[in-house]
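So the chains spell out like this:
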Amino acid sequence: MKNFNLAVMIVEILCGLVCIGFGIYYCFGGTWGQIAVFMLVGAICVVSGVRTFILLRKQKKQEEEEDNKKL
């Protein structure tokens, strides 16, 4: 399950960066609607990836604390 969460985090961040890149590309030739949509989706994906990372770190700390209590 840990590897799956790590893969999801990586995909979310990459998707966000690609969408932000499209948003920047459309700044120079697209319509405002396209810019807004790509930037918004990119920001949501990046924030979701960071949130997943934070949850993984919390889970790892809790597991370490539980292991220390057992000893």
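Attention here is on the structure that accompanies the text. Quantities reported herein were computed from a predicted structural model and do not represent experimental measurements. (Residues numbered from 1 in each chain as written. Predicted model: local features only at pLDDT ≥ 70, side-chain atom pairs only at ≥ 80, totals over all residues. Heavy atoms only, no water.)

A short note on the packing of aromatic side chains
Moving on, step 1. According to the stated counting rule, one finds three aromatic pairs in the structure shown.
Moving on, step 2. Here phenylalanine 22 and phenylalanine 38 contribute two aromatic rings whose centre-to-centre distance is 5.5 Å and whose plane-to-plane angle is 45°, an arrangement assigned as tilted. Taken together, the positions of phenylalanine 22 in helix 1 (residues 2–27) and phenylalanine 38 in helix 2 (residues 32–70) put the pair 16 residues apart, joining distant regions of the chain.
Moving on, step 3. When the centroid spacing of 5.3 Å and the interplanar angle of 65° are considered together, the rings of tyrosine 25 and tyrosine 26 count as edge-to-face.
Moving on, step 4. Taking relative accessible area as the criterion, tyrosine 25 reaches 56% and is therefore assigned exposed.
Moving on, step 5. Grouping aromatic residues by their ring pairs yields a cluster made of Phe22, Tyr25, Tyr26 and Phe38. (Phe/Tyr/Trp six-rings, centres within 6.5 Å; stacked < 30°, edge-to-face > 60°. Helix = DSSP H or I, 4+ residues; strand = E, 2+ residues; numbered from the N terminus. Buried < 20%, exposed > 50% of the residue type's maximum accessible area, 1.4 Å probe, protein only.)

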